[in-house]
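Here are the chains, one letter per residue:
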Amino acid sequence: MNKKEFNKKYMLNLNVSIEDKINDIKKLNNNSLSFYRYYSLKDKYTIENILNSIVHFSDPLNLNDPFECCIGLEIDEFLNSNFKEKVINKIFLNDSKNNDFSFSKYTEGNEENILKEIGIDELLSSNNICKEKIFELFVKKIKEKLRTYIYPLFVKLKIDYDDFFDFLCKSDFIKRKLNEKKYIPLFAENFVEDLNEFYKILENYCDINHINKNKMLKAKEEFNKLIYVESKNIILKYMRGFKIFCLTTSFDNILMWSHYANQHNGICIEYDFSYIEEEFLKMLFPINYSSNRPMLKMYQLNPKYVNKIFQSIFVKSMEWKYESEWRLLIPNQFLDNNNNYRSPKIKTIYFGTNVLESEYKKIKKKIQNYDSSIKCIRLKMNYKKYKLDIIDN
C-alpha cells in the first residue's frame, strides 16, 4: 500500500478499523508509530509547551507555502440546484396531455413552494402536470439564480437585466439546455461550453443595443474573476473549520534541521503515537507529493464532497518530498483559544549540532524534572559523510 492508497482507504471513513490503520501506518513508517517535529529554541513557546504538555496546531491557510491547502478550482458549474435529473426528465421529455394540474392556490412570488408542498415523489407520479406552467416556474427560478451571479456584470455594462433575460429566453438557450441536459442548472458539467454560448448571446445583445464591445470584454473578464473568488470563499469556509499539526518520519534530516530548527540550533521531538487517542489517530495521514494540484469542480462545493477538500490538505508539490510529512487534523472545537491541544507522549528530544552545551544542560534539567522518562540526546556532524551522529552521553 502506498500513501495515496492509504489516504483513499482511511480518509473520513467513520467505520475504519483502528487496528488496520495502525498496521498500515507502521508499514509506511518503518514499522514505527514514532513521528517527529522540528522546533526553533528562539520560539519562547517551544520549551514552555513541552512543560505544559501541549502542542500548537497551525491554520491551514497560513502555512509557509502559498500552494499549501490551496485547492485548484475547475469552473465547470455555474448554478447549483436541488432539482434532480429525473424530475426534469419527467417534466420536459414526457408529453403530458392533461393540463388539469392547478396552481390557483399559489400566489404570485410563492411558486417555489410548489415542489415543497407537493413533494418530489408526488410530482413524478402525477399525470396531471402542466408542462408549460412548470417550465415558467423553473425559468423564473433560473432568472433569480442567474441574477445572483451575474448582476455585477450588468451593472458594469449598464444593461437592464430584465430586458436581457427576455432576450436570452427568445434565443431558446434556456429551454434547449434544459431539454438537452435534462436537469437544472444550466451551466453544469459542460460549464465552459455553456458559458461561451451565453457570452455569444450577450455579445449579440450588446451589438443590437450599441454597447461597446471592448467594455463588454473587460466586464466579462472581471465577471469570470468574481465567479472564481466567490467559489474560493466557499472552500475557505471549510478550511477554517480545523487546524493541522505537521510531523515527519525522521530526526536526522539535515534540511529539516536547517529549515525548521534554526540552522541546527533547535530541537527535534519524537512523539510516540502509540498513546494517542484512537479518535485522533483516525485523522493522521501522510502527505502525497505530486506535480499536479488537487482540483475541485464547482458542483462539489457542498458538504457531500467535503472529503475532496480534506484530501487537498494532504497533497503538496514534489519539491517538498524530502520532508516525508504526515499531518494530524483536528476540528477547531477540540482546541483551546490558542489553537493548542494536549501533546502526544514525548519519547525523545534531539538537540541540534549548534546548540551550546550549556543550553543543552539547562534545558535537559528542566525536561527531566518534568518527566524523567524523556530522553535528551545531542547530535553532531559526521566527519566523513553528510549525516548526523548521536553523541554518547
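Residues numbered from 1 in each chain as written. Predicted model: local features only at pLDDT ≥ 70, side-chain atom pairs only at ≥ 80, totals over all residues. Heavy atoms only, no water.

A. Broad picture of the overall build of the protein chain. The helix and strand inventory of the protein chain stands at 15 helices and 14 strands. For the protein chain, buried positions account for 45% of its 393 residues. Across the protein chain, contacts joining residues at least 24 apart in sequence account for 79% of those joining residues at least 6 apart. (Helix = DSSP H or I, 4+ residues; strand = E, 2+ residues; numbered from the N terminus. Buried < 20%, exposed > 50% of the residue type's maximum accessible area, 1.4 Å probe, protein only. Contact = heavy atoms within 4.5 Å.)

B. Structural detail: the nonpolar core. Counting 57 residues, the largest nonpolar core has Ile267, Tyr271, Phe273, Leu284, Ile313, Leu328 and Ile349 as its most contacted members. When residues in this core are grouped by element, the largest group, five residues, is from strand 4 (residues 242–247). Apart from the residues within four sequence positions on either side, Tyr271 is in contact with Leu33, Ser34, Phe35, Arg37, Tyr39, Val55, Phe245, Leu247, Ser343, Pro344, Lys345 and Ile346. Membership of the second largest hydrophobic core comes to 15 residues, among which are Leu168, Phe198, Leu202 and Met216. (Core = buried A, V, L, I, M, F, W, Y, C linked by side-chain atoms within 4.5 Å.)

C. Quick peek at the packing of helix 1 (residues 3–10) against helix 2 (residues 18–28). At a minimum axis separation of 11 Å, helix 1 and helix 2 run at an interaxial angle of 165 degrees. One element, helix 1, and the other, helix 2, form an angle in the roughly antiparallel class. Classified by chirality, the crossing of helix 2 by helix 1 is left-handed. Contacts from Lys3, Phe6, Lys9 and Tyr10 of helix 1 reach helix 2 at Asp20, Lys21, Asp24, Ile25 and Leu28. Split into classes, the residues belonging to the contact of helix 1 with helix 2 amount to four nonpolar, no polar and five charged. (Axes fitted to C-alpha atoms, helices over the stretch in contact; angles between N-to-C directions. Parallel < 35°, antiparallel > 145°, perpendicular 65-115°, else oblique. Left-handed = near helix turned anticlockwise from the far one by under 90°. Nonpolar A, V, L, I, M, F, W, Y, C, P; charged D, E, K, R; others polar.)

D. A look at the sheet that holds strand 10 (residues 326–331). Spatial ordering of the open sheet is given by 4-10-6, a layout of three strands whose pairing is antiparallel. Strand pairing shows two members of the sheet lacking a second neighbour, strand 4 and strand 6 (284–286), which therefore form its edges. In this sheet, adjacent strand axes meet at a mean angle of 30 degrees when their direction is disregarded. Note that strand 6 and strand 10 share three bridges and pair antiparallel. (Pairing = 2+ DSSP bridges.)

E. Inspection of unusual backbone geometry at higher detail. Located in the positive-phi region is Asn30, a residue other than glycine, with phi close to 55 degrees. Its relative accessible area of 70% is what places Asn30 among the exposed residues. Notably, Ser324 is not glycine yet its phi reads approximately 45 degrees, a positive angle. With respect to the helices, strands and loops of the structure, Ser324 is situated in the loop between strand 9 (315–317) and strand 10.

F. Local environment of the layout of surface pockets. Of the pockets and cavities examined, the largest pocket occupies roughly 770 Å³. Lining the largest pocket we find 37 residues, and of these Arg37, Tyr38, Tyr39, His56 and Ser58 sit closest to its centre. It is helix 3 (residues 45–51) that provides the largest number of residues to the lining of the largest pocket, a total of five residues. When grouped by side-chain class, the residues that make up the lining of the largest pocket number 17 nonpolar, 12 polar and eight charged. (1 Å grid on protein atoms, 1.4 Å probe; cavity = no way out; pocket = protein on both sides within 12 Å on 5 of 7 lines; lining within 4 Å. Points joined across faces, edges and corners; volume = space filled by probe spheres on them.)

G. Local environment of the side chain of Asp389. Note on placement: Asp389 falls in strand 14 (residues 388–390). Residue classification places Asp389 among the buried residues on the basis of a relative accessible area of 18%. Among the polar contacts made by the side chain of Asp389, one reaches the side chain of Asn382 at a distance of 2.8 Å. (Polar contact = N/O pair within 3.5 Å; in protein donor to acceptor, adjacent residues only side chain to side chain.)

H. Structural view of the sheet that holds strand 14. Reading across the sheet, the five strands line up as 1-5-12-13-14 and stay open at both edges, with mixed pairing between neighbours. Edge positions in the sheet fall to strand 1 (34–39) and strand 14, since each of these pairs with one other strand and no more. The sheet shows a mean angle of 30 degrees between the axes of neighbouring strands, taken without regard to direction. Two strands pair when backbone bridges link them, and strand 1 and strand 5 (residues 267–272) are joined in this way by six bridges, in the antiparallel orientation. In the strand pairing of strand 5, Ser34 is matched with Asp272. This element, helix 15 (residues 357–370), spans strand 12 (345–351) and strand 13 (375–381) of the sheet and lies at about 160 degrees to strand 13.

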